Amino acid sequence: KAGVTQTPRYLIKTRGQQVTLSCSPISGHRSVSWYQQTPGQGLQFLFEYFSETQRNKGNFPGRFSGRQFSNSRSEMNVSTLELGDSALYLCASSWGTGSTNEKLFFGSGTQLSVL
Amino acid sequence: GIQVEQSPPDLILQEGANSTLRCNFSDSVNNLQWFHQNPWGQLINLFYIPSGTKQNGRLSATTVATERYSLLYISSSQTTDSGVYFCAVERTGGSNYKLTFGKGTLLTVNP
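Structure report, in brief. (Residues numbered from 1 in each chain as written. Chains lettered and ligands numbered in written order. Predicted model: local features only at pLDDT ≥ 70, side-chain atom pairs only at ≥ 80, totals over all residues. Heavy atoms only, no water.)

Brief notes about the pairing of strand 9 (residues 83–91) of chain B
Residue and element names in this part refer to chain B.
Next up, step 1: Burial analysis of strand 9 places eight of its nine residues in the buried class, which makes it a mostly covered element.
Next up, step 2: Across eight bridges, the pairing between strand 4 (residues 29–37) and strand 9 is antiparallel. Among the inter-strand pairings, L32 is bridged to a residue of strand 9, identified as V89.
Next up, step 3: As paired elements, strand 9 and strand 11 (residues 105–110) share three bridges and run antiparallel to each other. Following the sheet pairing, V84 is matched in strand 11 by L106.
Next up, step 4: Pairing analysis gives two bridges linking strand 9 to strand 10 (residues 100–101), with the strands arranged antiparallel. (Buried < 20%, exposed > 50% of the residue type's maximum accessible area, 1.4 Å probe, protein only. Helix = DSSP H or I, 4+ residues; strand = E, 2+ residues; numbered from the N terminus. Pairing = 2+ DSSP bridges.)

The structure is reproduced here in structure tokens:
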């Protein structure tokens with residue numbers, strides 16, 4: 001069974017540009033979450049989607065947005081990039097049904113560098 | 001929001017040694033998971049353990065929910081155990097899909 005797939009693995013952008021990151025969850029998983037990892041702030045929750053609807057949201061500005069498609073694949077978008085947006089962006093998937101022992105499975109991440 | 005503190009922040013071991021990593025949290029939780037991030041950045045789920053004890057090979061974990069802490073035990077450590085270990089929680093009444101992570105414990109296992 002394939003794991004969580006994130007593309008691209010690396011991205012270099014300049015300030016002011018926008019970027020779109022993609023995540024394909026494990027087959028059958030309907031919940032997709034996004035996290036930002038930086039050396040200073042650690043791992044922080046961005047948002048979570050379930051059945052094409054944003055179900056949970058973290059404390060990030062509106063420049064960070066996402067969406068989920070009917071096949072559960074998800075994209076996140078960052079507009080008007082700032083230097084501080086440089087980070088490892090991690091996507092995680094799970095069944096999404098709130099059942100006991102429901103683990104979160106992460107992809108390898110997209111390393112975004114903003115110059 | 002809920003606070004998660006992990007200790008120690010850094011740990012250096014010789015291969016074959018045992019270790020205990022600790023995670024303290026500030027509120028009751030309905031979800032607690034341990035992860036290992038390898039040197040390539042991949043986060044691997046080790047345990048889902050909001051309470052009780054679980055074992056998986058050389059690893060085991062115990063969560064004492066009433067006292068708001070969890071422990072991760074690594075026995076007979078190997079160099080491949082190196083990396084950062086994270087504890088992540090969601091407080092009781094919250095969503096299971098919005099985890100708060102601790103800062104992690106950086107483990108280095110030397111041959």
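Here we look at the sheet that holds strand 3 (residues 19–25) of chain B
Strands belonging to one sheet form pairs held by backbone hydrogen bonds; the direction of such a pair is parallel or antiparallel.
Residues and elements named next belong to chain B.
Next up, step 1: Ordered in space as 1-3-8-7-6, the five strands form an open sheet in which the pairing is antiparallel. This sheet does not close on itself; its edge strands, each paired only once, are strand 1 (4–7) and strand 6 (52–56). Here the strands of the sheet are splayed against their neighbours by 15 degrees on average, with no regard to which way each runs.
Next up, step 2: Bridge count between strand 7 (residues 59–64) and strand 8 (residues 69–74): six bridges; the pairing is antiparallel. From the neighbouring strand, S60 faces strand 8, where its bridge partner is Y73. (Axes fitted to C-alpha atoms, helices over the stretch in contact; angles between N-to-C directions.)

A look at the pattern of salt bridges
Residue and element names in this part refer to chain B.
Next up, step 1: Under the criterion given, the structure shown has six salt bridges over all chains.
Next up, step 2: Salt-bridge contacts for R58 lead to D81; the nearest nitrogen and oxygen are separated by 2.9 Å. Note that R58 is positioned in the loop between strand 6 and strand 7 and D81 in the loop between strand 8 and strand 9, a separation of 23 residues in sequence.
Next up, step 3: Under the relative-accessibility criterion, R58 is labelled partly exposed at 28%. (Salt bridge = Lys/Arg side-chain N within 4 Å of Asp/Glu carboxyl O.)

Let's talk about the state of the cysteines
Next up, step 1: All told, the structure shown has two disulfides over all chains when counted by the stated rule.
Next up, step 2: Through a disulfide, C23 of chain A is tied to C91 of chain A; the S-S separation comes to 1.7 Å. The disulfide joining C23 of chain A to C91 of chain A has a torsion of about -55 degrees about its S-S bond and is therefore left-handed. Within this pair, whereas C23 of chain A is found in strand 3 (residues 19–24), its partner C91 of chain A is found in strand 9 (residues 87–94), the two being separated by 68 residues in sequence. Neither C23 of chain A nor C91 of chain A differs from the other in exposure class; each is buried.
Next up, step 3: Put simply, C23 of chain B and C87 of chain B are joined by a disulfide, and their sulfur atoms are 2.0 Å apart. Here the disulfide of C23 of chain B and C87 of chain B is left-handed, its torsion about the S-S bond being about -55 degrees. Here the residue C23 of chain B occupies a position in strand 3, and C87 of chain B occupies one in strand 9, the gap between them amounting to 64 residues. By the burial criterion, C23 of chain B is buried, and C87 of chain B matches it. (Disulfide = S-S within 2.5 Å.)

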